Amino acid sequence: EPEVTQTPSHQVTQMGQEVILRCVPISNHLYFYWYRQILGQKVEFLVSFYNNEISEKSEIFDDQFSVERPDGSNFTLKIRSTKLEDSAMYFCASSSDRLNTEAFFGQGTRLTVV
Amino acid sequence: AQSVTQLDSQVPVFEEAPVELRCNYSSSVSVYLFWYVQYPNQGLQLLLKYLSGSTLVESINGFEAEFNKSQTSFHLRKPSVHISDTAEYFCAVSAGSARQLTFGSGTQLTVLP
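Cut-off values and rules
Residues numbered from 1 in each chain as written. Chains lettered and ligands numbered in written order. Predicted model: local features only at pLDDT ≥ 70, side-chain atom pairs only at ≥ 80, totals over all residues. Heavy atoms only, no water. Helix = DSSP H or I, 4+ residues; strand = E, 2+ residues; numbered from the N terminus. Rg over C-alpha atoms; globule rule 2.2 N^0.38 Å. Areas by Shrake-Rupley, 256 points an atom, 1.4 Å probe, with all protein chains shown as cover. Lys, Arg positive; Asp, Glu negative; His and termini not counted. Charge placed at Lys NZ, Arg CZ, Asp CG, Glu CD. Core = buried A, V, L, I, M, F, W, Y, C linked by side-chain atoms within 4.5 Å. Buried < 20%, exposed > 50% of the residue type's maximum accessible area, 1.4 Å probe, protein only. Contact = heavy atoms within 4.5 Å. pLDDT = per-residue confidence, 0-100. Disulfide = S-S within 2.5 Å. Pairing = 2+ DSSP bridges. Axes fitted to C-alpha atoms, helices over the stretch in contact; angles between N-to-C directions. Buried area = accessible area lost by both parts, 1.4 Å probe. Salt bridge = Lys/Arg side-chain N within 4 Å of Asp/Glu carboxyl O. Polar contact = N/O pair within 3.5 Å; in protein donor to acceptor, adjacent residues only side chain to side chain. Nonpolar A, V, L, I, M, F, W, Y, C, P; charged D, E, K, R; others polar.

Re the overall build of chain A
Part 1: Tallying secondary structure elements over chain A gives 0 helices and 11 strands in all.
Part 2: When the helices and strands of chain A are placed in sequence order, the string is β-β-β-β-β-β-β-β-β-β-β.
Part 3: Relative to its length of 114 residues, chain A is compact, with a C-alpha radius of gyration of 13 Å against a globular reference of 13 Å.
Part 4: Overall size of chain A, expressed as C-alpha extent along the three principal axes, is 35 × 30 × 30 Å.
Part 5: About 5,900 Å² of surface is accessible on chain A, with carbon and sulfur atoms providing 45% of the total.
Part 6: If the 10 positive side-chain charges of chain A are averaged to one point and the 15 negative ones to another, these points end up 3 Å apart.

Take a look at the structure:
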């Protein structure tokens, strides 16, 4: 069964460092998403990506965040200068249709900023 | 903007008992509705969804949910739960130009022997 894979599963970084979270969406999917879940809080939408550009982003997704599809398979989330409050579980998701009638999620990357 | 409220953060229930996990939403536009399940150390898995048509939708493992437009609810039910149903359940709506998901805060279902 096709699945979305995320690496690493857990990343610890020092405040101010840059991190890149990696995702491999399902191969024939065209729509990609990042969400995050701070411990004890809701899963929150960060950004959606289609056709090599951001289609929508939340107010959380400020200038310290960026996304990229560097090749035909990977989808990355970069956080330029991490803050303590960036500590969260980050989920990648992909969908085959514009209406996002069925999003497939990866297992998540737990980012801990110290 | 849309929002989702899951009133119960924790629901303990004995095995083979019925369960209902409540979900209410608000939105100014038409929405799609979803229930996702998260087992320990795993990602979010789609359990069932309402897009249009019949307001009662079912999953392959015995869960069902009913879309109630007048009450803006999408409660999840199962007539008889198993130990293996222990997990966190998230209700979500999708709207907006990118149809991104807006999640509720989740309900931890714990099935007791």
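Here we look at the nonpolar core
Part 1: Grouped together as the largest cluster of nonpolar side chains are 28 residues, with contacts concentrated most on Leu33, Trp35, Leu48, Phe74, Leu76 and Tyr89 of chain B.
Part 2: Elements with a contribution of two residues or more to this core: β2 (10-14), β3 (19-21), β5 (32-38), β6 (44-50), β8 (64-68), β9 (73-78), β10 (87-95) and β12 (107-112) of chain B.
Part 3: With residues near it in sequence (within four places) discarded, leucine 48 of chain B still touches Leu33, Phe34, Trp35, Val57, Glu58, Ser59, Phe63, Glu64, Ala65, Phe74 and Leu76 of chain B.
Part 4: Leu46, Phe75, Leu111 and Val113 of chain A belong to the second largest nonpolar core, which has 23 residues in total.

Some details on the confidence of the model for chain B
Atomic detail in the predicted coordinates should be set aside for any region of low pLDDT.
Part 1: This prediction gives chain B a mean pLDDT of 92; 98% of its residues lie at or above 70.
Part 2: Model confidence for chain B, summarised as mean pLDDT per element, is weakest for strand β7 (residues 56-58) of chain B at 90 and strongest for β3 of chain B at 98.

Thoughts on the state of the cysteines
Part 1: In total, this model carries 2 disulfides over all chains according to the counting rule given.
Part 2: One disulfide bridge connects cysteine 23 of chain A with cysteine 92 of chain A, the sulfur atoms lying 1.9 Å from each other. Note on the cysteine 23 of chain A and cysteine 92 of chain A pair: the S-S dihedral is about -65°, so by sign convention the disulfide is left-handed. Placement of cysteine 23 of chain A in strand β3 (residues 19-24) and of cysteine 92 of chain A in strand β9 (residues 88-95) is noted, with a sequence separation of 69 residues between them. Take cysteine 23 of chain A and cysteine 92 of chain A: they sit in the same class, and that class is buried.
Part 3: Here cysteine 23 of chain B is linked by a disulfide to cysteine 91 of chain B, with a sulfur-sulfur distance of 1.9 Å. Here the S-S torsion is close to -65°, and the disulfide linking cysteine 23 of chain B with cysteine 91 of chain B is therefore left-handed. Note that cysteine 23 of chain B is positioned in the loop between β3 and β4 (24-26) and cysteine 91 of chain B in strand β10, a separation of 68 residues in sequence.

Thoughts on the environment of aspartate 62 of chain A
Residue and element names in this part refer to chain A.
Part 1: Looking at the secondary structure, you find aspartate 62 in the loop between β6 (53-57) and β7 (65-68).
Part 2: On the basis of relative accessibility, which here comes to 34%, the residue aspartate 62 falls in the partly exposed class.
Part 3: For the pair aspartate 62 and valine 43, spaced 19 residues apart in sequence, the C-alpha separation works out to 17 Å.

Observations regarding the sheet that holds strand β8 (residues 75-79) of chain A
Residues and elements named next belong to chain A.
Part 1: Spatial ordering of the open sheet is given by β1-β3-β8-β7, a layout of 4 strands whose pairing is antiparallel. A strand with exactly one partner marks an edge of an open sheet, and here the two such strands are β1 (5-7) and β7. Along the sheet, successive strands turn relative to each other by an average axial angle of 20°, direction set aside.
Part 2: Inspection of the sheet shows β1 paired to β3 by 3 bridges, in the antiparallel sense. Bridge pairing in β3 places glutamine 6 opposite cysteine 23.

Points about the interface of chain B and chain A
Part 1: Chain B puts 22 residues into the contact, and the matching count from chain A is 19 residues.
Part 2: With both chains or domains summed, chain B and chain A bury close to 1,700 Å², and 53% of this area falls on carbon and sulfur atoms.
Part 3: A salt bridge links lysine 49 of chain B to glutamate 102 of chain A, with the nearest nitrogen and oxygen atoms 3.4 Å apart.
Part 4: On inspection of chain B and its partner chain A, the count reaches 7 residue pairs in polar contact (both at pLDDT 80 or more).
Part 5: Taken together, the residues of the side of chain B that touches chain A sort by class into 11 nonpolar, 9 polar and 2 charged.

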